[in-house]
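Architecture and fold: a report
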Amino acid sequence: MFAALRTPRNPLLIFVTLVSSLLLAACEPVPGSGNGPSVDSGAAVPVALLVPAGSGNTGDETLAASLKQAAQLAISDLNGVKIDLRVYNTGSSPDQAAAMASKAVDEGAKIILGPVFAESANAAGRAVANRGVSVLSFSNNTDIAGGNVFVLGPTFPNTANRLASFAAAQGKRNIMVVHDQTPAGTIGAGAVQVAVARAGASVAGIASYPFSQQGIVEAMPTIAGRVKAGGVDAIFLTADTAGALPLLAEMLPDNGVNPGQVKFIGLTRWDIPSATLALPGLQGGWFAMPDPNMNNRFKERYETAFGAAPHPIAGLAYDGIAAIGALVKSGRPDPLSRAALTQPSGFVGVNGIFRLRPDGTNERGLAVAEIRNGQAVVIDAAPRSFGMAGF
């Protein structure tokens, strides 16, 4: 456990839901029909929303409510399309998720949004794989993607590709990968290595550390020594703000690694919680984030409508409804088929542009931000279409 690690003062929000889905065991997707269900564009389209309510966990209940409200907000924004939103509680049980997915389709659902967690999403997908219904899960675990299951959550490969290509364009062509010795850290490191090669840069080394304060302390001389030996333009860190990042940001400079000379790059969001932006060791560092203008507008509208800030992944529910609405409005005869869902032009959501890939993963248009004087400053704007550089 990481309880002994230092974290930013007064962290009001720990953004771990997306990462936690990566810690689950790998699941095998099941092939499903690509034709999709028939839809009467003149009637309300039945859409099932599977949320983690009923688990008895306060955090899950808060997340479930936020996902439901974000979906309702998206429905209110649709023009010319009616959505019949039906909410099903899955708790934290994959078996319950499978049962609710089957019940939703029995009751007429044409597509399923959710669940959040990878094993539940996999179970839901398997339960309706032979029913011609797609599952747009809120997970970011690409291991469950495929067949009739898509992941809407921001994935490590997508983030790594964005940052590696930007870094290489800025002359950072020798990139060292530093990661936790955890399933998420290992998956993230793999995504970074592939992205670095794709960008035409080189992996200058790979280093890891046990997921504990003592583990980092003991590994740091070796990690810092490799950087100081030369041939490293940047360090790509997989750590998140709720885990090892704050300690790494302190210990790397303390061990002679100058962030002014070797660029620090983050695979995770460094602006959640915002207190992380004040860490001295991260000044000048780069990380990726959704289009801040669009995301801020969503947050403002959500708070106006519901009197509280949305959960960090609530926007995924909005995105799912927005995509369904756009496809139904398009008038195509198969609006919820695999071919429709994976149209190359993609969709516009509250976090910017995104598209679903035939393999069940996704691509999202991300901005690159640099930390300057405790603020996240966008230095490369998020693309507005998939015809722009990087896609």
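Everything here concerns the structure above.
Residues numbered from 1 in each chain as written. Predicted model: local features only at pLDDT ≥ 70, side-chain atom pairs only at ≥ 80, totals over all residues. Heavy atoms only, no water.

**Considerations on the overall build of the protein**
Under the convention used in this document: Helix and strand definitions here come from DSSP, where helices need a minimum of 4 consecutive H or I residues and strands a minimum of 2 consecutive E residues; each element is numbered from the N-terminal end. Radius of gyration: over C-alpha atoms. The globule rule applied is 2.2 Å multiplied by the number of residues raised to the 0.38 power. The buried label goes to any residue with under 20% of its type's maximum accessible area, the exposed label to any with over 50%, and the partly exposed label to all in between, with areas taken from a 1.4 Å probe on protein chains only. The contact rule is simple, with two residues in contact once any of their heavy atoms fall within 4.5 Å. We get accessible surface area from the Shrake-Rupley algorithm with a probe of 1.4 Å; when it comes to residues, only the shown protein chains can shield them. Charged residues are defined narrowly, with Lys and Arg counted positive, Asp and Glu counted negative, and His plus the chain ends left uncounted. Where a charge lies is defined by one atom per residue type: Lys uses NZ, Arg uses CZ, Asp uses CG and Glu uses CD.
A count of helical and extended segments in the protein gives eleven helices and 15 strands. Relative to the compact-globule value of 21 Å for 391 residues, the protein shows a C-alpha radius of gyration of 21 Å, a close match. When the backbone C-alpha atoms are referred to their principal axes, the protein occupies close to 65 × 45 × 40 Å. Out of the 391 residues belonging to the protein, those deemed buried represent 54%. A separation threshold of at least 6 residues defines the contact pool for the protein, and within that pool the share at least 24 residues apart is 70%. A total accessible area of about 15,500 Å² is found for the protein, and carbon and sulfur atoms account for 50% of it. Between the mean site of the 28 positive side-chain charges and the mean site of the 27 negative ones, the protein shows a separation of 6 Å.

**Thoughts on the nonpolar core**
The criterion, for reference: In these notes, a set of buried Ala, Val, Leu, Ile, Met, Phe, Trp, Tyr and Cys residues joined through side-chain atoms within 4.5 Å is what counts as a nonpolar core.
Core analysis: the biggest nonpolar cluster contains 43 residues, and Leu113 and Phe138 have the highest contact counts within it. Put simply, the parts of the chain that give this core at least two residues each are strand S1 (45-51), helix H2 (58-77), strand S3 (111-113), helix H9 (292-306), helix H10 (315-329), helix H11 (338-341) and strand S12 (352-356). If you tally residues by element for this core, the top one is H10, at nine residues. In this structure leucine 113 touches Val47, Ala48, Leu49, Leu50, Leu136, Phe138, Leu152, Ala317, Gly320, Ile321 and Ile324, once residues within four positions along its chain are discounted.

**Some words on the environment of arginine 126**
Within the secondary structure, arginine 126 is located in helix H4 (residues 118-127). On the accessibility criterion, arginine 126 (46% relative accessible area) is partly exposed. Distance from arginine 126 to phenylalanine 138, taken between C-alpha atoms, is 16 Å for residues twelve residues apart in sequence.

**Considering the sheet that holds strand S4 (residues 135-137)**
Our working definition: Pairs of strands are assigned from DSSP output, requiring at least two bridges between the strands. With axes taken as lines fitted to C-alpha atoms, and helix axes fitted only over the stretch in contact, angles between N-to-C directions fall between 0 and 180 degrees.
Ordered in space as S2-S1-S3-S4-S5, the five strands form an open sheet in which the pairing is parallel. For this open sheet the edge positions go to strand S2 (83-89) and strand S5 (149-151), each flanked by a neighbour on one side alone. Taken pair by pair, the neighbouring strands of this sheet meet at an average axis angle of 25 degrees, ignoring direction. Pairing between S1 and S2: seven bridges, direction parallel. For proline 46, the partnering residue across the bridge sits in S2 and is aspartate 84. Contacting S1, S4 and S5, H4 crosses the sheet at an angle of about 175 degrees to S4.

**What about the packing of aromatic side chains?**
Under the convention used in this document: Only rings of Phe, Tyr and Trp enter the pairing, Trp through its six-membered ring, and a pair is recorded when the two centres are within 6.5 Å. The plane angle decides the type: under 30 degrees is stacked, over 60 is edge-to-face, the rest tilted.
Tallying each qualifying case throughout the model produces six aromatic pairs. Measuring from ring centre to ring centre gives 5.8 Å for phenylalanine 298 and tyrosine 318, while their planes differ by 70 degrees; the resulting arrangement is edge-to-face. Residue phenylalanine 298 is located in helix H9, and its partner tyrosine 318 is located in helix H10; the two are separated by 20 residues in the primary sequence. We note that phenylalanine 298, like tyrosine 318, is buried. With 4.8 Å between their ring centres and 55 degrees between their planes, tyrosine 302 and phenylalanine 306 make a pair best called tilted.

**Points about the side chain of serine 134**
Position of serine 134 among the secondary structure elements: in the loop between H4 and S4. In this structure serine 134 touches Ile111, Ile112, Asn148, Phe150, Leu336 and Leu341, once residues within four positions along its chain are discounted.

**Section: the environment of aspartate 40**
Basically, it comes down to this: Two N or O atoms form a polar contact when they lie within 3.5 Å of each other; inside protein one atom must be a possible hydrogen donor and the other a possible acceptor, and for residues adjacent in sequence the pair counts only when both atoms belong to side chains.
Here aspartate 40 lies in the loop between helix H1 (17-20) and S1. Put simply, aspartate 40 and valine 328 are 288 residues apart on the chain and 8.9 Å apart in space, counted from C-alpha to C-alpha. In this structure the side chain of aspartate 40 is engaged in a polar contact, spanning 3.0 Å, whose partner is the backbone nitrogen of glycine 42.

**Thoughts on the pattern of salt bridges**
Threshold: Counted as salt bridges are all cases of a side-chain nitrogen of Lys or Arg within 4 Å of a carboxyl oxygen of Asp or Glu.
With the rule as written, the count across this model stands at 13 salt bridges. Of the charged contacts in the structure, one is a salt bridge between glutamate 370 and lysine 263, with a shortest N-O distance of 3.5 Å. Here glutamate 370, found in strand S14 (residues 366-372), pairs with lysine 263, found in strand S9 (residues 263-266); they are 107 residues apart in sequence, far enough to count as distant. Glutamate 370 sits in the buried class, given a relative accessible area of 14%. Between glutamate 363 and arginine 357 there is a salt bridge; the shortest N-O distance is 3.8 Å. Note on glutamate 363: relative accessible area 11%, which makes it buried. Exposure remark for arginine 357: the relative accessible area of 32% places this residue in the partly exposed category. Each of the salt bridges in this network shares a partner with another, and the network as a whole consists of Arg355, Arg357, Asp359 and Glu363.

**Examining helix H3 (residues 94-106)**
Along an α-helix, residues three or four apart share an orientation, since each turn contains 3.6 residues. As a reminder, the rule being used: Any helix carries an expected span of 1.5 Å times its number of residues minus one.
If you check H3, its first and last C-alpha atoms are 18 Å apart, about what 13 residues at 1.5 Å a residue would give, namely 18 Å. Looking at the buried positions of H3, the neighbouring elements they touch are S1, S2, S3 and H4. Capping the start of H3, serine 93 holds a side-chain oxygen 3.2 Å from the backbone nitrogen of aspartate 95, two or three residues further along. Where H3 terminates, the next one or two residues include glycine 108, which has phi positive at roughly 105 degrees.

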